[in-house]
Amino acid sequence: MSEHDETPKGDDTPGAAQGETPETQQGDAEALHEDGLPGAPIGGDQDGAQGPTHAGYVALIGEPNAGKSTLLNRMVGAKVSIVTHKVQTTRARIRGVAMEDRTQIVFVDTPGLFRPRRRLDRAMVAAAWGGVADADVVVLLIEAHRGITEGVKSILGSLTDRVGRTPVALAINKIDKVKSEALLQLTQDLNTAHPFVKTFMISAERGHGCADLKEWLAEQMPQSPWLYPEDQLADLPLRMIAAEMTREKLTLRLHQELPYELTVETESWQERDDGSARVDQIIYVARDGHKGIVLGKAGETVKSVSKAAREELSEFLGRKVHLFLQVKVRPNWLEEKERYSEMGLDFKDGNS
């Protein structure tokens, strides 16, 4: 199997990669652990010469496609969350770490809040509201040009019960798409519907108003040792970051053809002596017809996806990556506990 050609001959049922043994799989896991992104608190110079440190969590909530992932990436200063034109692309709670002077802000980008229909939908919505539970501040993002939709009304109706006494700030996003008079009226209507502690007008894509929001959020964080190393951008393991990058490229490439019954898993990660890494991933689809869409004519689509994902992952890591993709049909993956664990979701939440 070449680096760009991604579907092995024969059986499509998932299993260990060719040539892998339990011993080599264990070695891969150890290599990943050494190169992964740790999530353990590291302490901090609580009363150092530069003054005390502060740290806390900010949960970003809103409807699908409201701009949460774009805002997270803007705040962190690097791409740590999948961003596409399609809704419901963020599936798990993704933490991005931003610094503001002596304050560390851990942003939690949650899946969009919407009316769930499938097990996966219910697990995603549960993850979104779960991201609020431990937050010091919640930021509700609203799209300025869409205003108070039925989805927004539903979120506002649940907000007080869900957040308790946690302060909630309002961020009206994509302000470049509406006139100032409409913004003023929308602001008044939203603050009538819920007592937001602060309102910000922003464009997450262009950066307008984001510095003010970040500065205000830093002021709200409690005194605390930093929760992550100062230069760490996210607490996702590299396996998941790599899988999300590939899934984003699939989304962008396939557009309307993309079946939502699709997921990407990093099957193995091997560190090489020359400093590069070999990454093997599986793209699971639910139907044979979906496999053909992902592969494309003569494998052209998956080759393009592999190239784009490999380049982005190499840039993210600052070293060469050899990415190998396989496409496998697994009709019932949406009902398998293991698939949810790989996505950072709780399978049991899909029962609610």
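As the structure is a prediction and not an experimental result, all values here were calculated from the model.

Sheet strands pair by backbone hydrogen bonding; their relative direction is either parallel or antiparallel. The sheet built from three strands is open, its strands ordered β7-β8-β9 with mixed pairing. Looking at the sheet topology across the chains shown, the edges are occupied by β7 (262-271) and β9 (321-329). On average, each strand axis in the sheet is tilted by 20° relative to the strand beside it, whichever way the strands run. Bridge analysis of β7 against strand β8 (residues 277-285) gives nine bridges, and the strand direction is antiparallel. Paired with L262 across the bridge in β8 is V285. Running over the sheet, helix α7 (residues 238-254) touches β7, β8 and β9 and is turned about 135° from β7. Sheet contacts for helix α9 (residues 300-317): β7, β8 and β9; angle to β9, the most-contacted strand, approximately 140°.

Turning to the pairing of β8, a few remarks are in order. Taken across its nine residues, β8 has eight buried, putting it largely inside the fold. Turn length for the β7-β8 hairpin, with the two strands adjacent in sequence and antiparallel, is five residues, and the turn residue G275 shows positive phi of about 95°. Relative to β9, β8 is paired through nine bridges, and the arrangement is parallel. Paired with Y284 across the two strands is K328, which belongs to β9.

For the structure on display, the rule yields 13 salt bridges. Put simply, E63 and R146 hold a salt bridge, and the shortest N to O gap is 3.6 Å. Residue E63 is found in the loop between β1 (54-62) and α2 (68-76), and its partner R146 is found in the loop between β4 (137-143) and α4 (150-163); the two are separated by 83 residues along the sequence. On the basis of relative accessible area, E63 is assigned to the buried category, the value being 12%. Of the charged contacts in the structure, one is a salt bridge between R278 and D280, with a shortest N-O distance of 2.8 Å. For D280, a relative accessible area of 4% puts it in the buried group. Taken together, the salt bridges that share partners define one network made up of E63, E143, R146 and K174.

Here we come to the packing of aromatic side chains. On inspection of all chains with the given rule, the structure shows one aromatic pair. Residues F200 and W216 carry aromatic rings whose centres are separated by 5.6 Å and whose planes lie at 55° to one another, so their mutual orientation is tilted. One end of the pair, F200, is in strand β6 (residues 198-201); the other, W216, is in helix α6 (residues 210-220), and 16 residues separate them in sequence. Residue F200 shares its accessibility class with W216, and that shared class is buried. Against the face of F324 rests R278, its NZ or CZ located 4.0 Å from the ring centre.

On to the packing of α2 against α6. The N-to-C vectors of α2 and α6 enclose an angle of 75°; their axes lie 11 Å apart at closest approach. Comparing their axes, α6 and α2 come out roughly perpendicular. In this structure, α2 uses L71, R74 and M75 to contact α6, whose residues at the interface are C210, L213 and K214.

Next up on the list: α2. Extensive coverage of α2 is indicated by the burial of seven of its nine residues. Buried within α2 we find K68, S69, L71, L72, N73, M75 and V76. Following α2 by one or two positions, G77 adopts a phi angle in the positive range, close to 85°.

A separate point is the packing of α7 against α9. Two elements in contact, α7 and α9, have axes whose closest approach is 9 Å; the angle formed by their N-to-C orientations is 135°. Regarding the angle of α7 to α9, the classification is oblique. Crossing hand, α7 versus α9: right-handed. For the pair formed by α7 and α9, the contact residues are L238, I241, A242, M245, T246, E248, K249, L250, R253 and L254 on the first element and E300, T301, S304, V305, A308, A309, E312, L313, F316 and L317 on the second. In terms of residue class, the contact of α7 with α9 is made up of 12 nonpolar, three polar and five charged.

Summarising the element assignment, V76 is placed in helix α2. Judged by its relative accessible area of 11%, V76 is buried. Taking the C-alpha atoms as reference points, V76 and I105, 29 residues apart in sequence, are found 9.1 Å from one another.

Conventions we followed
Residues numbered from 1 in each chain as written. Predicted model: local features only at pLDDT ≥ 70, side-chain atom pairs only at ≥ 80, totals over all residues. Heavy atoms only, no water. Pairing = 2+ DSSP bridges. Helix = DSSP H or I, 4+ residues; strand = E, 2+ residues; numbered from the N terminus. Axes fitted to C-alpha atoms, helices over the stretch in contact; angles between N-to-C directions. Contact = heavy atoms within 4.5 Å. Buried < 20%, exposed > 50% of the residue type's maximum accessible area, 1.4 Å probe, protein only. Salt bridge = Lys/Arg side-chain N within 4 Å of Asp/Glu carboxyl O. Phe/Tyr/Trp six-rings, centres within 6.5 Å; stacked < 30°, edge-to-face > 60°. Lys NZ or Arg CZ within 6 Å of the ring centre and 35° of its normal. Parallel < 35°, antiparallel > 145°, perpendicular 65-115°, else oblique. Left-handed = near helix turned anticlockwise from the far one by under 90°. Nonpolar A, V, L, I, M, F, W, Y, C, P; charged D, E, K, R; others polar.

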